[in-house]
Amino acid sequence: VVIAGTARNSLQTSQIAATGQIADAYSVSKDVEFWGGDLMCVTKVKSAQACCDICCNTVPFALVTVKPDAYVWKDENHHSNHNNWCCCKNFVLSHPQRNDHAVSGKCPP
């Protein structure tokens, strides 16, 4: 069993841009697609940051009954018809896979 964590002063500002690191309380994983766990998808989203903003600020309402806690954005070079797509996820129902044209991340708690 491995237990890992971090502690930081609330006044510290995170300037981390590396894959899989936390930046401003959001996680970002470049070249990773969280596959499965889709709650809703939006087309014509121009950036991973815009996708993060959409998903992490979505509230359960009407047909969306679970608050998204993760997202994946596929860029314009993605090989399918799903380019510039943003899909909001239920993280526990997803699993990561390599995708050179995707950016995935988790929302802050």
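**Some points on the packing of aromatic side chains**
Applying the stated criterion to the full structure yields one aromatic pair. Positioned above the aromatic ring of Phe91, the side-chain terminus of Lys106 is 4.3 Å from the ring centre.

**Quick notes on the sheet that holds strand S4 (residues 38-42)**
Note: strands within a sheet are paired through backbone hydrogen bonds, in either parallel or antiparallel orientation. As summarised here, the arrangement of the five strands in space is S3-S7-S5-S6-S4, forming an open sheet in which the pairing is antiparallel. Looking at which strands have only one partner, the edges of the open sheet turn out to be strand S3 (29-35) and S4. Here the average twist between neighbouring strands, direction ignored, is 35 degrees. Sheet topology places strand S5 (residues 70-74) next to strand S7 (residues 95-106); five bridges connect them, and they run antiparallel. If you follow Trp73 over to S7, its bridge partner there is Val103. The strands touched by helix H1 (residues 48-56) within the sheet are S4, S5, strand S6 (85-89) and S7, with S5 carrying the most contacts at an inclination of about 150 degrees.

**Observations regarding the confidence of the model for the protein chain**
Overall, the predicted model of the protein chain reaches an average pLDDT of 79, with 72% of residues at or above 70. The model gives residues 1-24 a pLDDT under 50, and that stretch makes 17 contacts with residues more than four places away or in other chains.

**What about the side chain of Glu33?**
Secondary-structure assignment places Glu33 in strand S3. Setting aside anything within four residues of it in sequence, one finds Glu33 in contact with Val72, Lys74, His95, Pro96, Gln97, Asn99, Ala102 and Ser104.

**Structural notes on unusual backbone geometry**
Phi at Asp31 is positive, roughly 70 degrees, even though this residue is not glycine. Within the element layout of this structure, Asp31 appears in strand S3.

**Quick look at the pairing of S5**
The element S5 is largely enclosed, with a buried count of five among its five residues. Residues of S5 alternate between two faces, with Ala70, Val72 and Lys74 on one and Tyr71 and Trp73 on the opposite face, all of them buried.

**Side note on the state of the cysteines**
A complete count under the given rule lists four disulfides for this structure. There is a disulfide in this structure between Cys51 and Cys86, and the S-S distance comes to 2.1 Å. Looking along the S-S bond of the Cys51-Cys86 disulfide, the torsion reads about 80 degrees, which is the right-handed sense. Of this pair, Cys51 sits in helix H1 while Cys86 is found in strand S6, placing the two residues 35 residues apart along the sequence. When its relative accessible area of 0% is taken as the criterion, Cys86 is described as buried. Sequence-ordered numbering of the bonded cysteines in the protein chain gives a disulfide pattern of 1-6, 2-5, 3-7, 4-8. Cys52 forms no disulfide, and the closest cysteine sulfur to it belongs to Cys56, at a distance of 3.9 Å. The class of Cys52 is buried, set by a relative accessible area of 1%.

Cut-off values and rules
- Residues numbered from 1 in each chain as written.
- Predicted model: local features only at pLDDT ≥ 70, side-chain atom pairs only at ≥ 80, totals over all residues.
- Heavy atoms only, no water.
- Phe/Tyr/Trp six-rings, centres within 6.5 Å; stacked < 30°, edge-to-face > 60°.
- Lys NZ or Arg CZ within 6 Å of the ring centre and 35° of its normal.
- Pairing = 2+ DSSP bridges.
- Helix = DSSP H or I, 4+ residues; strand = E, 2+ residues; numbered from the N terminus.
- Axes fitted to C-alpha atoms, helices over the stretch in contact; angles between N-to-C directions.
- Contact = heavy atoms within 4.5 Å.
- pLDDT = per-residue confidence, 0-100.
- Buried < 20%, exposed > 50% of the residue type's maximum accessible area, 1.4 Å probe, protein only.
- Disulfide = S-S within 2.5 Å.

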